[in-house]
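# Structural features, examined
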Number of protein chains: 2
Amino acid sequence: MAPTTTTTAETASMIESISPFTGESTGAVAEATATTQVDAIARAAAAAAPAFDALGRGRRAALLRRLADFLEESRDEIISTAHAETAIPEARLGGELNRTAYQARFFADVITDGAYLEATVDHAGDTPMGPGPDLRSMLVPTGPVAVFGASNFPLAFSVPGGDTVSALAAGNPVVIKAHSSHPRLSQLTFGILNRAAAEIGAPKGTVGIVYGTAAGAALVAHPAITAVGFTGSLSGGQALLDIIAERENPIPFFGELSSINPLVVSPGAAASRGTEIAAGLVGSFTTSGGQLCTKPGVVYVPVGADGDNLVAEAARQVEDTDSSVLLNQRIAGEYADYAAASASWTDVSVVAEGTADPDGTGVAARLLETSAKSINGRELSECFGPTTIIIRYGDSELDAALETLPGSLTATVHSEPGEEGFAAHVFDQLRPKAGRLLHNGYPTGVLVSWAQTHGGPWPSTNTQYTSVGAHAIKRWLRPVTWQDVPEALLPAELREGRAAIPRRIDGALITPAVG
Amino acid sequence: MAPTTTTTAETASMIESISPFTGESTGAVAEATATTQVDAIARAAAAAAPAFDALGRGRRAALLRRLADFLEESRDEIISTAHAETAIPEARLGGELNRTAYQARFFADVITDGAYLEATVDHAGDTPMGPGPDLRSMLVPTGPVAVFGASNFPLAFSVPGGDTVSALAAGNPVVIKAHSSHPRLSQLTFGILNRAAAEIGAPKGTVGIVYGTAAGAALVAHPAITAVGFTGSLSGGQALLDIIAERENPIPFFGELSSINPLVVSPGAAASRGTEIAAGLVGSFTTSGGQLCTKPGVVYVPVGADGDNLVAEAARQVEDTDSSVLLNQRIAGEYADYAAASASWTDVSVVAEGTADPDGTGVAARLLETSAKSINGRELSECFGPTTIIIRYGDSELDAALETLPGSLTATVHSEPGEEGFAAHVFDQLRPKAGRLLHNGYPTGVLVSWAQTHGGPWPSTNTQYTSVGAHAIKRWLRPVTWQDVPEALLPAELREGRAAIPRRIDGALITPAVG
């Protein structure tokens with residue numbers, strides 16, 4: 001979500017930690033970082049860049065493993081601090097901590113493997129265009145990276161999260177903008193990150209943190225920053241893109257922005273597994289208070305009795321769903337606004353509402369329904385919180401309904417054996433609109449792995465890169481070719497002789513000998 | 001260079017071919033493409049996209065090889081048409097045709113090899129975060145691509161050029177904006193491209209062409225277009241970026257924009273090879289009328305007798321250099337403007353001028369000189385045409401002088417054995433500012449190969465991608481992950497069993513068995 005100002009009128013320069021349970025400050029965490037201080041931090045990052053790159057992949061891998069160990073050692077303090085600031089259940093925070101530690105170790109593996117460097121050697125020789133020079137290329141770090149923490153993943157997409165560890169793995173210093181929803185956790189986890197960097201001898205300035213909206217803006221505008229990682233709202237992303245447009249040298253912005261994650265239930269799936277799908281769907285759109293980027297926000301269910309049963313079962317489950325305390329007051333307010341607006345939409349009905357918190361802190365889950373004939377676009381925008389809309393489709397209405405979908409991080413099809421034609425057709429329609437295609441599953445839950453993609457066409461992201469999985473490291477790298485450069489001046493990975501990493505030599509991909 | 005309007009007041013809807021030798025029209029080539037027609041062409045490309053992708057890598061490779069054959073079969077007609085419209089010497093056009101054909105065949109090899117797909121399989125199994133699903137990923141085509149031809153490479157960076165063949169290789173339909181400097185050649189080579197597409201059975205709409213500035217703008221704004229390839233001026237690129245900013249869904253813009261390509265001569269190199277370097281340098285900055293993106297535009301030469309000798313020899317060579325007919329009247333006009341402006345710069349002297357054409361058609365080569373103490377930024381912007389500026393540096397002045405350099409496509413160091421410390425230090429300074437680092441060579445001449453990089457930090461490009469070499473294909477691809485999708489619904493490259501392409505399976509990179 002977009003950074004918001006959490007300072008109060010009386011203490012304009014202090015960053016307060018606001019409880020999502022009460023909406024009240026639990027105390028000041030840090031001073032808002034002054035612009036001069038942002039400048040010093042960004043300069044320190046730039047000064048650290050060459051030495052940090054020169055540490056080599058082995059030392060950087062050690063940093064990431066040390067970070068994972070330290071996070072696990074501080075598990076209890078991290079979880080309790082995160083819970084107090086985000087209201088995310090402790091069990092999920094425990095899982096998120098596991099994932100965050102795993103992710104740090106995973107990027108250590110990725111850089112140890114070395115294929116990500118795309119090391120390539122073309123020896124000098126004759127070519128159809130005449131004699132060719134010696135050309136050797138690999139990816140190099142871009143330089144200091146700005147990372148904006150996300151409200152909804154205070155660990156895995158925040159200070160010690162995927163953007164940070166992939167940028168460090170690539171060899172770049174990182175300056176983090178602490179999210180206003182969890183400044184205390186940001187401070188705690190930054191201390192851990194800083195300790196890991198110090199322990200492996202990273203130069204001073206390798207990691208930095210800034211607090212406050214103005215500091216975030218100054219960071220993105222700073223000449224030393226070479227790229228920005230952001231997971232948040234479309235409007236927050238747009239504000240940072242506007243700052244980048246004003247820079248003398250535009251820099252890449254890797255934004256994960258807004259996604260509605262369509263899920264299509266085939267007629268056969270509705271008939272065979274309607275009850276099971278209803279349970280899976282409600283679990284997926286209400287987990288973590290419906291505040292996951294991959295929440296299924298629009299669900300296509302056939303008209304007719306099987307679809308009716310699925311919807312009725314989902315409605316029963318929603319009615320049994322406890323209220324959720326959302327991440328912060330702004331998100332809770334926007335959820336209330338969406339509920340009020342959608343209740344007034346013609347042709348959209350509220351099928352079910354869950355338990356509302358009697359004291360008004362928690363919000364109720366809501367299930368909406370409309371028909372494929374009635375959709376007009378307003379149903380197809382993301383709402384953070386435990387709500388989704390079911391779109392009932394009749395024979396031959398699905399194609400046109402799916403055509404209006406914007407880009408998403410994920411798209412899901414539920415179908416049964418014998419419906420391969422249906423599934424293939426729907427996947428063909430959805431593939432241009434999503435970065436991950438699921439069958440008979442639910443899109444929440446993003447495994448960190450080699451094959452993972454967390455990205456997709458606009459507005460889910462504004463890039464062709466993924467922000468989760470091994471290839472997320474590519475965001476912080478750019479290619480360089482060395483032409484006829486003497487061996488001693490080449491990076492170690494490009495010198496003659498056997499290498500411990502995969503390389504393409506004169507056109508042939510060579511993997512390191514095993515054993 | 002930026003597209004310019006070549007229509008005249010009398011025939012506003014016709015695209016004329018203008019001779020660079022006379023500045024006069026040699027006749028109308030085509031009607032300027034109306035906006036409605038651009039819409040039809042872009043829609044046809046979108047409609048063709050799934051079937052073109054489904055042709056598979058083998059058929060697309062056949063298309064590219066056929067294109068190369070057809071280009072070579074029409075060699076004489078292509079060269080004479082190109083020469084009449086661009087004034088580029090026929091010998092260089094012959095070399096460019098060789099390169100263009102080679103490039104098409106090279107991308108056929110790249111997609112046959114298949115590593116570019118980054119095919120990855122993570123089987124379902126236990127993970128530290130619990131049971132993981134089956135995840136399979138690879139890169140898929142983004143959809144219809146708009147390609148803007150360049151004035152200075154009417155073949156290799158135009159209709160049948162690198163952007164077109166890499167986008168087709170990736171599986172995308174391509175719509176080309178013909179460059180106003182060579183509409184007749186664009187029409188001729190588009191006919192050849194279209195014939196190659198038809199011969200391998202590509203769906204109608206796979207390739208398209210539009211003429212005129214308004215048509216180019218409409219193309220970039222069209223919802224069906226998913227990415228833009230552009231080689232030209234900073235201002236032309238900015239105009240297209242402004243159009244993209246107005247789109248409902250922003251799309252990636254891959255612009256190769258402006259580069260000054262610094263070349264540093266060490267004290268030892270000036271002493272040992274001053275005469276040789278002078279010859280190489282003058283050859284490099286005057287070849288093709290100095291209208292190459294990789295022209296060395298700023299040259300650092302030590303103060304003192306060795307540097308003086310180098311400059312004196314370069315001056316002699318420039319004086320012996322024949323005049324060049326530039327690509328079009330706009331470029332010639334801008335060259336004259338630069339000459340007039342630079343003649344008035346304080347602390348900058350015109351060291352030598354070559355032969356000027358008596359009838360005023362050809363322009364004279366010019367060698368400028370200033371001192372490291374005097375540079376103030378105006379010397380560090382690109383000028384198309386046969387000119388370069390030498391910056392004389394004294395002891396300890398080089399670091400500060402190099403610090404002011406903007407990003408470039410290339411950076412070159414000339415040094416001698418025993419000067420490794422100097423070379424390493426200068427390369428360390430230049431690496432963050434360039435995409436290709438050369439030693440003891442000249443940056444003009446960009447070999448198409450696996451290890452080539454033609455890209456660099458802003459303003460040389462606005463991306464982290466290369467536009468030449470194997471990785472240029474990545475611009476037109478994005479990752480997709482399939483989660484728990486049945487075998488029959490997966491792309492062939494991601495199914496179980498042996499594959500003919502490199503894949504990463506459960507973390508291990510597996511190359512196809514040889515033989």
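How each quantity is defined
Residues numbered from 1 in each chain as written. Chains lettered and ligands numbered in written order. Predicted model: local features only at pLDDT ≥ 70, side-chain atom pairs only at ≥ 80, totals over all residues. Heavy atoms only, no water. Helix = DSSP H or I, 4+ residues; strand = E, 2+ residues; numbered from the N terminus. Rg over C-alpha atoms; globule rule 2.2 N^0.38 Å. Buried < 20%, exposed > 50% of the residue type's maximum accessible area, 1.4 Å probe, protein only. Contact = heavy atoms within 4.5 Å. Core = buried A, V, L, I, M, F, W, Y, C linked by side-chain atoms within 4.5 Å. Axes fitted to C-alpha atoms, helices over the stretch in contact; angles between N-to-C directions. Parallel < 35°, antiparallel > 145°, perpendicular 65-115°, else oblique. Left-handed = near helix turned anticlockwise from the far one by under 90°. Pairing = 2+ DSSP bridges. Buried area = accessible area lost by both parts, 1.4 Å probe. Salt bridge = Lys/Arg side-chain N within 4 Å of Asp/Glu carboxyl O. Domains from an automatic or database assignment. Polar contact = N/O pair within 3.5 Å; in protein donor to acceptor, adjacent residues only side chain to side chain. Nonpolar A, V, L, I, M, F, W, Y, C, P; charged D, E, K, R; others polar. Phe/Tyr/Trp six-rings, centres within 6.5 Å; stacked < 30°, edge-to-face > 60°. Lys NZ or Arg CZ within 6 Å of the ring centre and 35° of its normal. Right-handed = clockwise from strand over helix to strand, strands pointing away. Expected span 1.5 Å × (residues − 1). Disulfide = S-S within 2.5 Å. pLDDT = per-residue confidence, 0-100. Least-squares fit on C-alpha atoms with pLDDT ≥ 70 in both.

Turning our attention to the overall build of chain A. The number of helices and strands found in chain A is 13 helices and 21 strands. The C-alpha radius of gyration of chain A comes to 24 Å, within 12% of the 24 Å expected for a compact globule of 515 residues. For chain A, with 515 residues in total, the buried portion stands at 62%. Here the contacts in chain A between residues at least 6 apart in sequence split such that 75% fall between residues at least 24 apart.

Our focus in this paragraph is the nonpolar core. In terms of nonpolar packing, the biggest core is built from 224 residues, with Tyr 300 of chain A together with Tyr 300 of chain B touching the most fellow members. Not counting residues up to four positions away in its chain, the partners in contact with Tyr 300 of chain B are Pro 262, Leu 263, Val 264, Val 265, Leu 380, Ile 391, Tyr 393, Leu 398, Ala 401, Leu 402 and Leu 405 of chain B.

Attention now moves to unusual backbone geometry. Cis geometry marks the peptide bond from Trp 458 of chain A to Pro 459 of chain A, where omega comes out at 5°. In this structure, Ala 87 of chain B is a non-glycine residue whose phi angle is positive, near 65°. With respect to the helices and strands, Ala 87 of chain B occurs in the loop between helix H3 (75-86) and helix H4 (90-113). The backbone of Asn 440 of chain B sits at a positive phi, close to 55°, despite the residue not being glycine. Assignment of secondary structure puts Asn 440 of chain B in the loop between strand E18 (434-439) and strand E19 (477-483).

We now examine the packing of helix H2 (residues 56-73) of chain B against helix H5 (residues 162-170) of chain B. Relative orientation and spacing of two packed helices are given, respectively, by the angle between their axes and the distance between those axes. Residue and element names in this part refer to chain B. Where H2 meets H5, the axes come as close as 8 Å, and the angle between the chain directions of the two elements is 155°. Classified by the angle their axes make, H2 and H5 are roughly antiparallel. Crossing angle aside, the handedness with which H2 passes H5 is right-handed. Two secondary-structure elements touch here, H2 through Arg 60, Leu 63, Leu 64 and Leu 67 and H5 through Val 165, Leu 168, Ala 169 and Ala 170.

On to the sheet that holds strand E11 (residues 253-256) of chain B, then. Residues and elements named next belong to chain B. Pairing is parallel in the open sheet, where five strands are placed in the order E9-E8-E7-E10-E11. Either end of the sheet is taken by a strand with one partner, and the two such strands are strand E9 (207-210) and E11. Geometrically, the sheet is characterised by an average inter-axis angle of 15° between neighbouring strands, direction not taken into account. Inspection of the sheet shows strand E10 (residues 227-231) paired to E11 by four bridges, in the parallel sense. Bridging from a neighbouring strand, Val 228 pairs with Phe 253 of E11. Relative to the sheet, helix H6 (residues 183-199) contacts strand E8 (174-177) and E9, its axis offset from that of E9 by approximately 165°.

Our focus in this paragraph is the interface of chain A and chain B. Where interface size is given, it is often the accessible area lost as the parts come together that is meant. If you look at the interface, chain A gives 69 residues, while chain B gives 69 residues. Together, the buried faces of chain A and chain B total about 5600 Å²; carbon and sulfur atoms form 60% of this surface. Of all residues in chain A, Met 129, Arg 431 and Gln 464 of chain A bury the most surface against chain B, accounting for 14% of the area lost on that side. Where chain A packs against chain B, one counts six salt bridges.

Residues and elements named next belong to chain A. What the domain assignment lists for chain A is domain 1 (47-124 + 131-257 + 464-475) and domain 2 (262-439). Computed from C-alpha coordinates alone, the two centres of domain 1 and domain 2 are separated by 32 Å. Contacts between domain 1 and domain 2 engage twelve residues on the former and twelve residues on the latter. Between domain 1 and domain 2, the buried area comes to about 840 Å², and carbon and sulfur atoms account for 55% of it. Between domain 1 and domain 2 we count zero salt bridges in total. Linking domain 1 to domain 2 there are three residue pairs in polar contact (both at pLDDT 80 or more). Looking at the side of domain 1 that touches domain 2 residue by residue, the class counts come to four nonpolar, five polar and three charged.

This brings us to the packing of aromatic side chains. Inspection of the entire model under this criterion finds 19 aromatic pairs over all chains. Seen in terms of ring centroids, Tyr 338 of chain A and Trp 345 of chain A are 5.6 Å apart; in terms of plane orientation they differ by 90°. Their pairing is edge-to-face. A network of ring pairs unites the aromatic residues Phe 254, Tyr 465 and Trp 476 of chain A together with Phe 254, Tyr 465 and Trp 476 of chain B as a single cluster. Lying over the aromatic face of Trp 450 of chain B, Arg 504 of chain A brings its terminal NZ or CZ to 4.0 Å of the ring centre.

Further remarks concern the environment of Gln 37 of chain A. You can see Gln 37 of chain A is positioned in helix H1 (residues 35-54). For Gln 37 of chain A, a relative accessible area of 41% puts it in the partly exposed group.

Quick look at the sheet that holds strand E10 (residues 227-231) of chain A now. Residues and elements named next belong to chain A. Across the sheet, which stays open at both edges, the five strands sit in the order E9-E8-E7-E10-E11 with parallel pairing between neighbours. Each of the sheet's edge strands pairs with one partner strand only, and the pair in question is strand E9 (207-210) and strand E11 (253-256). Mean inter-strand twist for the sheet, computed between neighbouring axes without regard to direction, equals 15°.

Here we come to the pairing of E9 of chain B. Along E9 of chain B, one buried face is formed by Val 207 and Ile 209 of chain B and the opposite face, lined by Gly 208 and Val 210 of chain B, is buried too. Where the polypeptide runs from E8 of chain B across H6 of chain B and back to E9 of chain B, its parallel neighbour, the crossover connection is right-handed.

Let us look at H6 of chain B. Look at H6 of chain B: 24 Å from first C-alpha to last across 17 residues, which is about the 24 Å you get at 1.5 Å a residue. Phi for Gly 201 of chain B, located one or two positions after H6 of chain B, is positive at around 80°.

What follows is about the state of the cysteines. All names here are of chain A. The final tally for this structure, using the stated rule, is zero disulfides over all chains. Left unpaired, Cys 293 is separated from the closest cysteine sulfur, that of Cys 383, by 13 Å. Using a relative accessible area of 9% as the deciding quantity, one classes Cys 383 as buried.

Residue and element names in this part refer to chain A. Chain-level statistics for chain A give a pLDDT mean of 95 and a share of 97% at 70 or above. Counting interchain partners and residues more than four positions distant, the pLDDT-below-50 stretch residues 1-11 has 29 contacts. As a predicted assembly, this complex carries a pTM of 0.96 together with an ipTM value of 0.96.

In this arrangement, two copies of a chain are superimposed by a rotation about an axis accompanied by a shift along the axis. For the pair chain A and chain B, the superposition axis carries a translation of 0.0 Å, the fit reaches an RMSD of 0.0 Å, and the rotation angle comes to 180°. Within this description, the copies of the chain are treated as partners about a two-fold rotation axis. Minimal C-alpha distance to the rotation axis in chain A is attained by Thr 511 of chain A, lying at 3.8 Å. Residue by residue, 100% of the interface of chain A is reproduced at the interface of chain B, so both copies engage with the same surface.

Moving on, we come to the pairing of strand E12 (residues 262-265) of chain A. All names here are of chain A. The alternating pattern of E12 places Pro 262 and Val 264 on one face and Leu 263 and Val 265 on the opposite face, and all of these are buried. Pairing between E12 and strand E13 (residues 298-302): three bridges, direction parallel. Bridged to Pro 262 within E13 is Val 298. With helix H9 (residues 267-286) bridging E12 and the parallel E13, this β-α-β connection has right-handed handedness.

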